[in-house]
Amino acid sequence: MPASGGVTRNTLRQQIADALRDEVLAGRLKAGREFTVKQIAEQYGVSATPVREALVDLCAQGLLDSDQHRGFRVHQYSVDDYRRMVEARMLVVEGVFRRRAAPARPPAPELGIGVALVSVRRRGEAAARAARAGDLDVLVGYDIRYWRELGRLIAANDHLADFLHRLRVQAWAFSVPHLRSERDLLGWLWGGHVDLVDAVTRGDAEAAVTVVREYNAHALEWADRLELLERRGGRGPAG
């Protein structure tokens, strides 16, 4: 049946996109790595069509670059790209919280505890544990899901939430290869997820903004350190 075939292809397309995205986020598909549709299709034992669609999806997410003659390449982000990601998400998230705290609006009941926030908190607790343990693979997965769920709740706007999600994925794609070579890994992993959920649960927008600002300042400090190492010409955390 055509409908069933379409569903199967779309599902396969998503599975391939998810698998390749996970490879990029884990640092196993490194920046600059090139491959073709044919190579990926053979690797997964599938036809070229869902693979091509999956790769195009990843290009749209900013994880891959497409070259008409050479196939696809894992996108290479610079320290400056990362800094701009952090600044962009900082402006958006702070703006969302400020809007929630505006005097013209009554205290928003949706910032109170609810089933959705309980789920976010559980993910936040798992992410914080992984940060304390220095387990990057677990941290990345929980952190992305945590921010995606929280973003949808606080933004109440799918376009903003999707934008923040893309920034989160891109930031991790840049960060993971550097972090894997960090000597002081624990010192650079943020674990304030629960503090942020607590502030949101109380409806305390100012406290939430403070947590987010501290987090972003921490990320920018790390970016400055990476840039300084690059300028010195030393073998920095990128390895």
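Above: the structure in question.
Going along each chain's sequence as written, the residues are numbered from 1 onward. Whole-chain, interface and lining totals are the exception, using all residues; otherwise, since this is a predicted model, local features are given only for residues with pLDDT of at least 70 and side-chain atom pairs are given and counted only at 80 or more. Side-chain figures throughout are based on the complete set of non-hydrogen atoms in the structure, without hydrogens or water.

**Q** Sorry, what's going on with the overall build of the protein chain here?
**A** Assigned secondary structure in the protein chain consists of ten helices and three strands. Only DSSP runs of H or I covering at least 4 residues are called helices, and only runs of E covering at least 2 are called strands; the numbering of each starts at the N terminus. The linear arrangement of helices and strands in the protein chain, starting from the amino end, is α-β-α-α-β-β-α-α-α-α-α-α-α. The burial tally for the protein chain puts 43% of its 239 residues in the buried class. The contact criterion used throughout is that any non-hydrogen atoms of two residues lie within 4.5 Å. In the protein chain, the share of contacts with a sequence separation of at least 24, taken over all contacts with a separation of at least 6, comes to 74%. Computed by Shrake-Rupley with a 1.4 Å probe, the accessible areas treat only the displayed protein chains as cover when residues are assessed. In the form shown here, the protein chain has an accessible surface area of approximately 12,800 Å², with 51% of it arising from carbon and sulfur atoms. Exposure is judged per residue with a 1.4 Å probe applied to protein chains only, and the accessible area is read against the type maximum: over 50% gives exposed, under 20% gives buried, and values in between give partly exposed.

**Q** I tried to follow empty space enclosed by the protein on my own but got confused; where do I start?
**A** Cavities and pockets were defined on a 1 Å grid built from protein atoms only: a cavity is a group of points that admits a 1.4 Å probe but offers it no way out, a pocket is an open group of points flanked by protein on both sides within 12 Å along at least five of seven lines, and a lining residue is one with an atom within 4 Å of any such point. Grid points are joined across faces, edges and corners, and a volume is the space filled by probe spheres set on the points. This structure, assessed with the given rule, holds two cavities of 30 Å³ or more. In this structure, the largest cavity occupies an estimated 210 Å³ of space. As for the largest cavity, its lining consists of 17 residues, and the residues nearest its centre are Tyr 82, Trp 172, Trp 188, Trp 190 and Tyr 215. Elements with a minimum of two residues in the lining of the largest cavity: helix H4 (79-101), helix H6 (136-155), helix H7 (158-179) and helix H10 (205-232). In terms of residue class, the lining of the largest cavity is made up of eleven nonpolar, three polar and three charged. Taken together, the elements giving at least two residues each to the lining of the second largest cavity come down to H4, H6, H7 and H10. The nonpolar class holds Ala, Val, Leu, Ile, Met, Phe, Trp, Tyr, Cys and Pro. Asp, Glu, Lys and Arg form the charged class, and all remaining residues, Gly among them, are polar. Considering only residue class, the lining of the second largest cavity consists of nine nonpolar, three polar and four charged.

**Q** Which parts of the structure should I look at to understand the sheet that holds strand E1 (residues 34-35)?
**A** The strands making up a sheet associate through hydrogen bonds between their backbones, and the pairing can be parallel or antiparallel. A strand pair is defined by DSSP finding two or more bridges across the two strands. With respect to topology, three strands assemble into an open sheet ordered E1-E3-E2, the strand pairing being antiparallel. Strand pairing shows two members of the sheet lacking a second neighbour, E1 and strand E2 (64-67), which therefore form its edges. Relative to strand E3 (residues 71-74), E2 runs antiparallel, the two being bridged by four bridges. Its bridge partner lying in E3, Ser 66 is registered against Phe 72.

**Q** What should I look at first to understand the packing of H6 against helix H9 (residues 193-202) in this one?
**A** When two helices pack together, their arrangement is given by the angle between their axes and by how far apart the axes lie. Under this scheme, a helix contributes an axis fitted over its contacting stretch, all axes are lines through C-alpha atoms, and angles between N-to-C directions fall in the 0 to 180 degree range. As a packed pair, H6 and H9 sit with axes 12 Å apart at the nearest point and diverge in direction by 15°. As judged from the angle between their axes, H6 and H9 are roughly parallel. As for the relative orientation of H6 and H9, their crossing is left-handed in sense. Between H6 and H9, the residues in contact are Leu 139, Asp 143, Tyr 146, Trp 147, Leu 150 and Ile 154 and His 193, Leu 196, Val 197 and Val 200, respectively. For the contact of H6 with H9, the per-class residue count stands at eight nonpolar, one polar and one charged. Here roughly perpendicular refers to angles of 65 to 115 degrees, roughly parallel to angles under 35, roughly antiparallel to angles over 145, and oblique to all remaining angles. Definitions for this section: a left-handed crossing has its near helix turned counterclockwise from the far helix by less than a right angle. A right-handed crossing has that turn clockwise.

**Q** Would you mind showing me how to read the layout of surface pockets here?
**A** A water-sized probe rolled over the atoms picks out the places where empty space is left. One number sums up the size of the largest pocket: a volume of about 410 Å³. In this structure, the largest pocket is lined by 22 residues; those nearest its centre are Ala 31, Ala 173, Phe 174, Pro 177 and His 178. Classifying every residue of the lining of the largest pocket gives twelve nonpolar, seven polar and three charged. Here the second largest pocket defines a volume of roughly 230 Å³. Lining the second largest pocket are 13 residues, and of these Arg 21, Gln 61, Arg 148, His 165 and Arg 166 lie nearest its centre. Mapped by element, the contributors of at least two residues to the lining of the second largest pocket are helix H1 (2-25), helix H3 (48-60) and H7. With five residues, the single largest contributor to the lining of the second largest pocket is H7. Among the residues making up the lining of the second largest pocket, the classes are represented as three nonpolar, four polar and six charged.

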